[in-house]
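Here is how the chains run, residue by residue.
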Amino acid sequence: MTAAPHRRGQARLPKPRGPLSERVFAALAEEHDLPEPSILAAAVEDTAAEDRAITLWTLHELCYRGVAEVGDEREWDPAVVGLRRELERDLEDRLRSRWPGRPGYAGGPDGFAEAFFAEVEAFEGPSVSRFVHTDASADQVLELLQLRSIYHLKESDPVAWAVPRLPGAARAALMELQYDEYGGGRPERLHAQLFADGLAAVGLDPTEGAYIDQAPLPVLEQNNAVSLFGLNRRLRGAALGHLAAFEATSSGPSRRMAQGMERLGLAEEMRHYYEEHVEADAVHEQLAVRTICAGLLSAEPELEDDVWFGAHTCLDLESRLAAYLLDRWGAS
Amino acid sequence: MGGDAISPDVIVCPGGPLLLRGDHVVQDEDGAEHLTRRPVSAVCRCGRSSTKPWCDGTHKAIPEKLRP
């Protein structure tokens, strides 16, 4: 097996964060087979959450645009897929254990939208955007942008995997939203590209995964969760619930981010990314809740719990990241 | 959303904006015309948006009873 030549924009192998990632990354880079499944399973069980998370992030990356040092065929290497499933199971168990269950309402697609917006509004958690709006320093905002880049440089990609797995109305509705996310056919308006342009304008590296070694556990979990939901058909409800919660908590925070950056005199291109999301996500939140999720529930009502599980996971993981950052910055 | 029904081009969101599917010219209160530029656009109904005539999510900051 020959590793693919490095393509522009491709991520590089992260630094290992423990014995599991050390063995797996070495095997991937040196074109060796992964260790036996039983040895890997024991390694997954014994090692720290961060080691598991960086390993899973890297295996997921093979399904997106690939990792520079790793051969393209490793994406479907049965040993890689086996380890990925083991790590995904572990992550899903953790995420489900944090979910308090769906809120009390009549259920079904009719009352769904109002219940959903009410639930998002009632969710209490610390907010990074409020701090950026009024208090953050330029260095703190740059640190935040580095961490956000892991997610925004593949914005909309994880949920794109759900498209062919949805019933008709939800499939059409998701494509309508994705068409806007992907720039309506114009690569320069692709939201991931707007973010890359913003990064370059503020002097940061727009290469995919450039800041993965700085990413703390909450960032890795945020990214791994959306890949988990997107790559597993059975979790399509969670993928759409996550999307809806993400969109429903984007307009206001994006405005605060843009105003905070203006206060600090940060480059216009980066502000533009957030300004675009004030208006875009005021539309997208309505679509995600009313046509996408409600459309799914009309056809597949049995997925209702998973929609709420995905939504909670989005809000909970963002709240964990906010708590981590505000604590680190002495702002909690 | 039944499978046989034609999906609507205009959707009124309770307490929120009006969704417009497709290309339209929207005239605001001052008579200025704005061309939609997305597959679906959200037109402000609460009157408080800072990006009028488009919705910017501000309706959420208004007490529920006072929302459109």
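In every chain, residue numbers begin from 1 and rise along the written sequence. Each chain gets a letter, beginning with A, and each ligand a number, beginning with 1, in the order they are written. Selection of residues for local features in this predicted model requires a pLDDT of at least 70, selection of side-chain atom pairs for listing and counting requires 80 or more, and totals for whole chains, interfaces and linings are taken over all residues.

Pairing within the open sheet is antiparallel, and its 3 strands lie in the order β1-β2-β5 (chain B). Lying at the two open borders of the sheet, with one neighbouring strand each, are β1 (10–12) and β5 (40–43) of chain B. Averaged over all neighbouring strand pairs, the angle between strand axes comes to 20°, with direction disregarded. Note that strand β2 (residues 18–21) of chain B and β5 of chain B share 4 bridges and pair antiparallel. By the bridge assignment, R21 of chain B is partnered in β5 of chain B with V40 of chain B. Residues are defined as contacting one another if the C-beta atoms placed from their backbone atoms lie within 7 Å. Note on method: axes are straight lines fitted to C-alpha atoms, helices fitted across the in-contact stretch only, with angles between N-to-C directions ranging 0 to 180 degrees. Helix and strand assignments follow DSSP, with helices taken as H or I runs no shorter than four residues and strands as E runs no shorter than two, numbered in order from the N terminus. Relative to β5 of chain B, helix α14 (residues 268–299) of chain A is tilted by about 110°, and along the sheet it contacts β1, β2 and β5 of chain B. The pairing criterion for strands is at least two bridges between them, as found by DSSP.

Turning to the packing of helix α12 (residues 236–248) of chain A against α14 of chain A, a few remarks are in order. Residue and element names in this part refer to chain A. Following both chains from N to C, one finds α12 and α14 inclined at 155°, their axes separated by 8 Å at the closest point. As summarised for this structure, α12 and α14 are arranged roughly antiparallel, according to the angle between their axes. Like other packed secondary-structure pairs, α12 and α14 cross with a definite hand, here left-handed. Touching G237, L240, G241, L243, A244, E247 and A248 of α12 are D281, H284, E285, A288, V289, I292, C293 and L296, all from α14. Grouping the constituent residues of the contact of α12 with α14 by class yields 9 nonpolar, 3 polar and 3 charged. Note on terminology: angles under 35 degrees are roughly parallel, angles over 145 are roughly antiparallel, angles of 65 to 115 are roughly perpendicular, and the others are oblique. Handedness of a crossing is defined here by the sense of rotation of the near helix relative to the far one, left-handed for an anticlockwise turn of less than a right angle and right-handed for a clockwise turn. For this classification, the nonpolar set comprises Ala, Val, Leu, Ile, Met, Phe, Trp, Tyr, Cys and Pro, the charged set comprises Asp, Glu, Lys and Arg, and every other residue, Gly included, is treated as polar.

Another aspect to go through is the nonpolar core. All names here are of chain A. For our purposes the nonpolar core covers buried Ala, Val, Leu, Ile, Met, Phe, Trp, Tyr and Cys residues that link as a set through C-beta atoms within 7 Å. Exposure classification rests on a simple neighbour count of other C-beta atoms within 10 Å of a residue's own: a residue reaching 20 or more is buried, one at 12 or fewer is exposed, and one in between is partly exposed. C-beta atoms are placed from the backbone. Counting residues in hydrophobic clusters, the biggest one holds 103 residues, and the most contacted among them are L240, A244, V289, I292 and C293. Here the element with the most residues in this core is α14; it accounts for 15 residues. The domain boundaries here were taken from an automatic or database domain assignment. Both domains that meet at this core, namely domain 1 (19–97) and domain 2 (112–328), each give it at least three residues. Apart from the residues within four sequence positions on either side, V289 is in contact with A113, F116, F117, A244, A248 and A294.

Moving on to helix α5 (residues 112–122) of chain A. Residue and element names in this part refer to chain A. The set of residues buried in α5 consists of F112, A113, F116, F117 and V120. The buried residues of α5 occupy an angular sector of 125° when projected down its axis, which confines them to one face. Away from its buried face, by an angle of more than 90 degrees, α5 presents the exposed residues E121 and A122. In this description, one arc is meant: the one made by directions from the helix axis to the C-beta atoms.

With that out of the way, let us pick up the interface of chain A and chain B. Each partner contributes to the interface: chain A provides 20 residues, whereas chain B provides 19 residues. Looking at the side of chain A that touches chain B, the elements with two or more residues in it are α5, α9 (168–181), α13 (251–264) and α14 of chain A. Looking at the side of chain A that touches chain B, the element that brings in the most residues is α14 of chain A, giving 9 residues. Classifying every residue of the side of chain A that touches chain B gives 6 nonpolar, 7 polar and 7 charged.

Looking now at the confidence of the model for chain B. Residue and element names in this part refer to chain B. Known as pLDDT, the predictor's per-residue confidence is scaled from 0 to 100. Summarising the model, chain B shows a mean pLDDT of 90, and 93% of its residues fall at 70 or more. Across chain B, the element-wise mean pLDDT spans from 95 in β1 up to 97 in strand β4 (residues 33–35). Under the prediction, the complex receives an ipTM of 0.91, its pTM being 0.95.

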